[in-house]
Amino acid sequence: MSKPIVAVVGRPNVGKSTFFNKIVGRRVSIVEDTPGVTRDRIIAEAEWASKFFMLIDTGGIEPASTETIPAQMRAQAEVAMDMADVIIFMVDAKEGLTHADRDVADILRRKNKDVVLVANKVDGRRLPDDFYDLYELGLGEPFAVSAANQTGLGDVLEEVFSKINWEEHEHDSDEDKVKIAIIGKPNVGKSSIVNALLGEERVIVSDIAGTTRDSIDTPFEKDGTLYILIDTAGIRRRSKIYDDIEKFSVVRAVAAIERCDVALFVIDATEGLTEQDKKIAGIAHEAGKGIVIVVNKWDLVAKETNTMRDMTRKITGELQFMSYAPIVFTSAVKGTRLPQLIDTAYSVSENRAMRVSTGQLNSLIQDAMLMQSPPSDKGRRLKIYYAAQIGVKPPLFSFQVNDRELMHFSYARYLENKIRDAYGFVGTSIKFVFREKGESSQL
Ligand code: GDP
Ligand code: GDP
């Protein structure tokens, strides 16, 4: 299952981020904050009327500051068109239509995309006199809303939802295939890896505009397993305009991560980890996807006896939150360890779907508690009555406890290590929920 993507496009100051925050702010989330990873509020998971989707505020994606506003908007509209299922085009009803609005409307109209036109800042009951001018944009009926007062938002989302093909998102026709996304910042070698893995032909085959939204998907087979490679780099070849927009590569990664089972997170061996790398890694981790760290351009590194070990330590130290991820050192140019990359991704996808029997798990937890007693606070000690794995992809464990407050972070980490020692779960995060007696074990 993948979540649909909805993008909000419009001139600066029309109220995009206000709208974004009102919608995203209400979500209930079990996602943790990853230490050391700053969060961009450009794309977020949102929920409305029990439906989940990803919302992008394109206002956060700013091309070089020398660009004029219309050029910026054009770039943002292109981003939206490439990635979104539905676009919300927002205008300021107080100000009325501007040239820039009309330009963007022209771009949107020409593409075969579903657009919902929203006129924001209609704070009172009365529509502004020039409201009906909005029909001139040729984008259908405008929805009058006030993002600030949260009026009309439900109607907009209902309209958006009516344009989404939920079937397609809920029943993934590629369920039987292992979906591998290649993520990482520009120039680390993502395309080179894809091309080396698949051969040059596919570049021509897959370059049909509009076949994919945010990336180029290529199916292939290896040792009897079917895979889909989601190549986020391919899009750059189509649209030069946002080539240099750093934030965009993060947004693009989010969209690809959302659809994958395993992310090949590529970094440049000659550069080490950058902030942008960490941000992208943090997103894959939080999404609970399988992760393989790919240290590419390994041919350019001068090697001594312990170079690989030292590099492994350095990366693990900097990405402590995903110390479970295997690391593969590759050279796309020389072809070093590329087949191993796919085999590693395969075993990670198996690990992500692994189930531990309740009996085995409970005896493991009992033993762990004997070896190191659970923490206590003010004379009260944590008790774990029962544990069960209640989900896969990623593995999700539920613990029934006497008092959730007593479950200290370090003890949860200890239990995680015990589970990993016994079962591995290499390459996948594992998640815990703690329930007190009487609470349902449902999420
Ligand atoms: P963005 O640049 O499109 O993301 O716009 P912002 O969300 O930052 O909003 C720009 C300004 O419009 C801010 O001062 C907001 O408080 C204001 N604003 C946003 N929504 C509304 C609204 O529904 N009514 C009114 N009156 N002001 C709004
Ligand atoms: P992308 O932006 O992540 O898709 O990166 P590209 O695949 O376009 O690669 C960026 C540059 O790095 C190109 O000049 C590649 O030839 C080069 N490159 C990619 N992989 C390797 C590698 O393993 N070794 C060396 N020496 N160069 C590489």
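In this text, all values refer to a predicted model and were calculated from it rather than measured experimentally.

Calculation rules
Residues numbered from 1 in each chain as written. Chains lettered and ligands numbered in written order. Predicted model: local features only at pLDDT ≥ 70, side-chain atom pairs only at ≥ 80, totals over all residues. Heavy atoms only, no water. Salt bridge = Lys/Arg side-chain N within 4 Å of Asp/Glu carboxyl O. Helix = DSSP H or I, 4+ residues; strand = E, 2+ residues; numbered from the N terminus. Buried < 20%, exposed > 50% of the residue type's maximum accessible area, 1.4 Å probe, protein only. Pairing = 2+ DSSP bridges. Contact = heavy atoms within 4.5 Å. Axes fitted to C-alpha atoms, helices over the stretch in contact; angles between N-to-C directions. Near = heavy atom within 4 Å. Polar contact = N/O pair within 3.5 Å; in protein donor to acceptor, adjacent residues only side chain to side chain. Nonpolar A, V, L, I, M, F, W, Y, C, P; charged D, E, K, R; others polar.

Remarks on the pattern of salt bridges
Then step 1. Following the criterion strictly, the structure yields 22 salt bridges and no others.
Then step 2. With a closest N to O distance of 3.2 Å, D92 and K121 form a salt bridge. Residue D92 is found in strand β4 (residues 86-92), and its partner K121 is found in the loop between β5 (114-120) and β6 (143-144); the two are separated by 29 residues along the sequence.
Then step 3. The shortest N-O distance in the salt bridge between E136 and R102 comes to 3.1 Å. You can see E136 sitting in the loop between β5 and β6 and its partner R102 sitting in helix α3 (residues 99-110), a full 34 residues away along the chain.
Then step 4. A relative accessible area of 53% places E136 in the exposed class.
Then step 5. Each of the salt bridges in this network shares a partner with another, and the network as a whole consists of E275, K278, K314 and E318.

Some points on the sheet that holds β5
Then step 1. If you trace the 6 strands from one edge of the open sheet to the other, you get β2-β3-β1-β4-β5-β6, paired in mixed fashion. Edge positions in the sheet fall to β2 (43-48) and β6, since each has one partner strand and no second.
Then step 2. Two elements, β5 and β6, share 2 bridges in a ladder whose sense is parallel. Paired with V118 across the two strands is F143, which belongs to β6.
Then step 3. This element, α3, spans β1 (5-10), β4 and β5 of the sheet and lies at about 165 degrees to β4.

Details of the site of ligand 1
Then step 1. Around ligand 1, a shell composed of 15 residues is seen, among which N13, K16, S17, T18 and D123 lie nearest.
Then step 2. Separating an oxygen atom of ligand 1 from a backbone N or O atom of A148 is a distance of 3.0 Å.
Then step 3. For the shell around ligand 1, the element with the most residues is helix α1 (residues 16-25), which contributes 3 residues.
Then step 4. Of the residues contributing to the shell around ligand 1, the split by class is 4 nonpolar, 6 polar and 5 charged.

Everything listed here is a matter of coordinates, which is why it stays silent on function.
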